[in-house]
Structure formats: C-alpha cells, structure tokens
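Residue-level structure breakdown
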Amino acid sequence: MIVGIVGLPLSGKTTLFNALTGGSVAVDKFMGGKRETHRAVVDVPDERLERLAEIFQPRKVTPATVEYVDMAPVQREGGSRSGLDDEFLGYIRTLDELLIVLRAFEDESVPHPLGNVDPVRDLDELMAEFLLSDLAIVENRIARLEKTAHKTKNEEELFELELLSRFRTVLEENQPLRVLELAPEEEKVVRGYSFLTLKPTLIVVNIGESDLGKEQVWLDKFADVATVPNTRVTAVCAQIEAEIAQLEPEDARAFLDDLNLEEPARSRLIRDSYELLGLVNFFTAGEKEVRAWTIRRGTRAKEAAGAIHSDLERGFIRAEVVPYEDLVRLGSFARCREEGVLRLEGKDYVVQDGDVITVRFGV
Ligand SMILES: Nc1nc2c(ncn2[C@@H]2O[C@H](COP(=O)(O)OP(=O)(O)OP(=O)(O)O)[C@@H](O)[C@H]2O)c(=O)[nH]1
Ligand SMILES: [Mg+2]
C-alpha cells in the first residue's frame, strides 16, 4: 500500500517524509522542480500487537507496514491551466492514498510559489488540478460510450455511462468524487480509471513552530473538507516532527515534554494514513512470532490464509479464530477454547479486524 506525499513546491513534503520515516533526506530550499522521489517502508504502530507480544513473548514481532513516497511538487507547466505533466499525473494515479501537505508556516527565507501563505487557497489550487484531470478522463470515456452504448444497448456500458454522468455532475460542481459513496459494483466499474479525487486523502496542514497549540484555529478553516468521506484533516509542524524523529527515545520524550506534546505526531499520522486505506488487520500469534497481516475489508478466510503463504490457501482446511479482545482478556488459546470463544470457521468466513487466526491446512 503506497501513500504519496503531494503538495505545492516548498510546502514541506520532504520534511514531513523525514518525520514519518525517521529518515534524513536533505531538504534544500532550491530543490523545487526535481522529479525524483524518495520512498520508505514504515511500521504501523499498533497497540494490539504489543499486548499480544506481552502474552506470547515471541522471538519476533512483525507489524503491518505502509510505504510513503515523497513526490516532486505539483506545479503547472508554464503556469497555464493546461494541467500537469501526464507522466507525473500517471504516477499519482498508481498511488493508493494521497497525503496532501499544505504550507501554513511563515518563513521569509522560504519563497511561496503563489506569493503568500494561504493553505485554504493552496488546497483549492491542488484540488482544481486533480478535478480537471479526472474530468478529462470522465468526458473522454463518456464521449466514447455515447457512440456505442445506446446503439448496442450493452447493459454494462449503459451502467458505466450512467455512473460516469453522475461523476461528471459532481466534478462540474467542483466536488471531489469522494463525496459519492459508491456501491461495491460501482466501485468495481471505475477502479481501473484510478480517479485522483476518489483516492483516500489525508490533508496535513504544516504549521509553524509558533502555532503549536493553535492547531484548532487552522483546522477550523478546513471544517467543510473534513466532512467529505474518506478524507481526514490534521495539523502538524513538520519541521519539529522531523527533528524529533532524529532523536533517541529519551531525548525525544524530554523534547515533547518541553513542548507540552503527548506523543509525536508521527505515530498519529501513520495510523491515520493507514486507517484511511480502509484495510483490516488480522493477527497470527505464537512463541515464534506475533504478526499483523493486512487484508482488504471483506476478505474471506481462505484468501486471507493466502496472505500468509500460498500453501495455506491451497491446503486450507479451517481457521481457528479468536477475537483479539477475548485473547487478551483470557491470556491463552487454551483458555479461549475452554470459554468457548475460540471458533472454527470455514473458507467463506469474512475475516474481521482484530481476529487472531490459526490456519489448519494440509498439502
Ligand atoms: N519554519 C518551518 N520551516 C519549514 C517547515 N517545514 C518545512 N520547512 C522548510 O521549508 C523548506 C522546504 O521544505 P521541504 O520539506 O524541502 O519542502 P518540499 O515540499 O519537499 O519542497 P519541494 O520538494 O522542493 O517542492 C525547507 O527549508 C524546510 O526547512 C515548518 O514546519 N516550519
Ligand atoms: Mg521535496
């Protein structure tokens, strides 16, 4: 699962990338415009995994991960409304989620591409680009379908045409496609188009050091956006977070205390971006390893077993399932069996978030 960090030039993308990944990619005030990107795989903090590790004392603990990509800035070629570079947009379309960085910090030594600091306007600018790009795809496809669908009366094509017409209306009203809550069969029809405004979106307002504690003032400006489905808005100071990410744990604690912060925003941001992906975690637990596995919501037991190993899917017999809460409350699989909370499930069982699963299989 890949989360792309996108934003206008010099909004703090690389700084935030460093904060999230604990890395130290050089930030350079004059780097704007470079195409290359950085990427890193990051562990998703999960308290449940820690609790399971306390019980099983495994040799190894393996959390779920998410990958972050630090993107080149969004900027229009020659400042025209002609839209963005196709290659750049094509790449953004392959991402699973967008993390949009908006500059809210003041710093005279860092120029702003639009002249002054105004994160609400910057979000409008970015959304306008993404909306136009989606609209172009929708209109192209509608034009093609209109030529054929009415003649052939092909039901699938008519269904898609009707759906895309609704998309066009939404985009023309300047709304992201996320406002539509799609039924699974609708989602399936349009998945291949990878619409930008349909992707889960985490908006990060990058505030200045002096605005720490005044996050809500900034967040209030984005109250409307925050109500859009599959959208979250949060405020952090990327610069400080990047500095904290470089510290040893004790130093980081002291630093946070100094600033009256409870936890680094890093953990929260990673969790937010992970949750927005709409995925489900199940666990395997034993003396050897306690591990989190990532599957899509609605995945059935046999296929979920395949996430662990293809042999487990092929030779799937049944799954022994205990909800995480019960296992932590009772302290062992044996006690769960005695109490009747350990269930045997067949291949079609829909795996739930937090299930601890032992797969029985034979090959
Ligand atoms: N004061 C302050 N400066 C920041 C903050 N975040 C980033 N900066 C500074 O802004 C400049 C640009 O930061 P980058 O992280 O390189 O921004 P970027 O979006 O990756 O820039 P490009 O990739 O060139 O578009 C650097 O000088 C950073 O030190 C912040 O929260 N506060
Ligand atoms: Mg950068």
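This text goes with the structure placed above it.
Heads up: these notes are all about the structure in this document. (Residues numbered from 1 in each chain as written. Chains lettered and ligands numbered in written order. Predicted model: local features only at pLDDT ≥ 70, side-chain atom pairs only at ≥ 80, totals over all residues. Heavy atoms only, no water.)

**Notes on the site of ligand 1**
L10, K13, T14, T15 and Q239 are the nearest of the 21 residues found near ligand 1. For ligand 1, an oxygen atom lies 2.7 Å from a polar atom in the side chain of K13. Taking I207, its main chain carries an N or O atom lying 3.4 Å from an oxygen atom of ligand 1. Coverage of ligand 1 by the protein amounts to 94% of the 640 Å² it exposes when considered alone. Every element with two or more residues in the shell around ligand 1 is listed here: α1 (13-21) and α9 (238-245). For the shell around ligand 1, the leading source of residues is α1, giving 3 residues. When its residues are assigned to classes, the shell around ligand 1 shows 10 nonpolar, 7 polar and 4 charged. (Near = heavy atom within 4 Å. Polar contact = N/O pair within 3.5 Å; in protein donor to acceptor, adjacent residues only side chain to side chain. Areas by Shrake-Rupley, 256 points an atom, 1.4 Å probe, with all protein chains shown as cover. Helix = DSSP H or I, 4+ residues; strand = E, 2+ residues; numbered from the N terminus. Nonpolar A, V, L, I, M, F, W, Y, C, P; charged D, E, K, R; others polar.)

**Comments concerning the layout of surface pockets**
Quantified by volume, the largest pocket comes out at close to 1,100 Å³. If you trace the largest pocket, you find 26 residues lining it, with E187, R191, P200, L277 and R296 closest to the centre. The greatest single-element share of the lining of the largest pocket, amounting to 4 residues, is contributed by helix α6 (residues 184-190). Among the residues making up the lining of the largest pocket, the classes are represented as 13 nonpolar, 3 polar and 10 charged. (1 Å grid on protein atoms, 1.4 Å probe; cavity = no way out; pocket = protein on both sides within 12 Å on 5 of 7 lines; lining within 4 Å. Points joined across faces, edges and corners; volume = space filled by probe spheres on them.)

**Description of unusual backbone geometry**
Backbone geometry places Q57, a non-glycine residue, at a positive phi of 45 degrees. As for its placement among the helices and strands, Q57 is situated in the loop between α2 (47-56) and β3 (60-62). A positive phi is found at N230, a non-glycine position, where the angle reads about 55 degrees. Relative to the helices and strands, N230 resides in the loop between α8 (223-226) and β7 (231-236). Judged by its relative accessible area of 44%, N230 falls in the partly exposed class. (Buried < 20%, exposed > 50% of the residue type's maximum accessible area, 1.4 Å probe, protein only.)

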